[in-house]
Amino acid sequence: MELKTQSLKELYEKDFYLWVMENLKLLKNKEYELVDWENLLEEIEDMARRELRSLINLMAIIMEHLYKWENYRESAYMGSGWKKSILNARKELIDLFDEIPSLKRIAQEKESLNKAWRRAVNSLITWFKEEEDLAQKYFGRFPTEEDFPKECPYTFEQIMEYEPWIEKR
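Below is a summary of the structure that appears in this document. Just so it is clear, the structure is predicted and the values come from calculations on it, not from any experiment. (Residues numbered from 1 in each chain as written. Predicted model: local features only at pLDDT ≥ 70, side-chain atom pairs only at ≥ 80, totals over all residues. Heavy atoms only, no water.)

Thoughts on the environment of Lys30
Reasoning step 1: Following the sequence through the fold, Lys30 ends up in the loop between α2 (16-28) and α3 (37-72).
Reasoning step 2: A residue is classified by how much of its surface remains accessible, and Lys30, at 59% relative accessible area, is exposed.
Reasoning step 3: Counting along the chain gives 135 residues from Lys30 to Trp165, while the straight-line C-alpha distance between them is 57 Å. (Helix = DSSP H or I, 4+ residues; strand = E, 2+ residues; numbered from the N terminus. Buried < 20%, exposed > 50% of the residue type's maximum accessible area, 1.4 Å probe, protein only.)

This is how it looks when you write it as structure tokens:
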């Protein structure tokens, strides 16, 4: 199916899969003047943002659960789900770094660490809304962002390796 550039732009809204396949065919045939460059460039940029979002989300999960373990663990029985979550997220991060090595460098940047920490803090705040008794015990109310460190309290190395559940001997 031969499409003109304007038809391709319309196809983008109506049938994304067909739009992708048509642009791919045009690129393979080196028919660059017919490619829907505007939408194609936007999609490529969005692909990179999705990978970065995945990185930040995984680091936020680890930070949230490390912070809970260190600060709000009430008993020896509490926290096994946090530990499992940390280990699973680390495995996913390692897989992500294997697939996209440049993300490992980005993960170590202060900006990325702080962005992940802000997400972790938002998750902690939500958790305390579900755990009203703990919120009352630790804060006397529901916590806000002001109740947590402004800067990320973890290094990249801690995110990847720190295991507070293992006793030091």
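Here the narrative resumes.
Let's talk about a nonpolar patch on the surface
Reasoning step 1: Where nonpolar side chains cluster on the molecular surface, the patch consists of Phe16, Tyr17, Val20, Met21 and Leu24 and spans about 460 Å² of accessible area.
Reasoning step 2: Of note, Leu24 is situated in helix α2. (Patch = residues over 30% accessible without salt bridge, like charges linked within 9 Å, V, L, I, M, F, W, Y side chains within 5 Å. Areas by Shrake-Rupley, 256 points an atom, 1.4 Å probe, with all protein chains shown as cover. Salt bridge = Lys/Arg side-chain N within 4 Å of Asp/Glu carboxyl O.)

Re the packing of helix α6 (residues 110-130) against helix α7 (residues 132-139)
Reasoning step 1: At a closest axis distance of 5 Å, the pairing of α6 and α7 adopts a crossing angle of 110 degrees. For the element pair α6 / α7, the angle class is roughly perpendicular. Mapping the contact onto sequence places Trp127, Phe128, Lys129 and Glu130 in α6 and Glu132, Leu134, Ala135, Tyr138 and Phe139 in α7.
Reasoning step 2: Grouping the constituent residues of the contact of α6 with α7 by class yields six nonpolar, no polar and three charged. (Axes fitted to C-alpha atoms, helices over the stretch in contact; angles between N-to-C directions. Parallel < 35°, antiparallel > 145°, perpendicular 65-115°, else oblique. Contact = heavy atoms within 4.5 Å. Nonpolar A, V, L, I, M, F, W, Y, C, P; charged D, E, K, R; others polar.)

Some points on the pattern of salt bridges
Reasoning step 1: The final tally for this structure, using the stated rule, is 13 salt bridges.
Reasoning step 2: The shortest N-O distance in the salt bridge between Glu109 and Arg105 comes to 2.9 Å.
Reasoning step 3: Exposure remark for Glu109: the relative accessible area of 33% places this residue in the partly exposed category.
Reasoning step 4: Put simply, Lys110 and Glu151 hold a salt bridge, and the shortest N to O gap is 3.5 Å.

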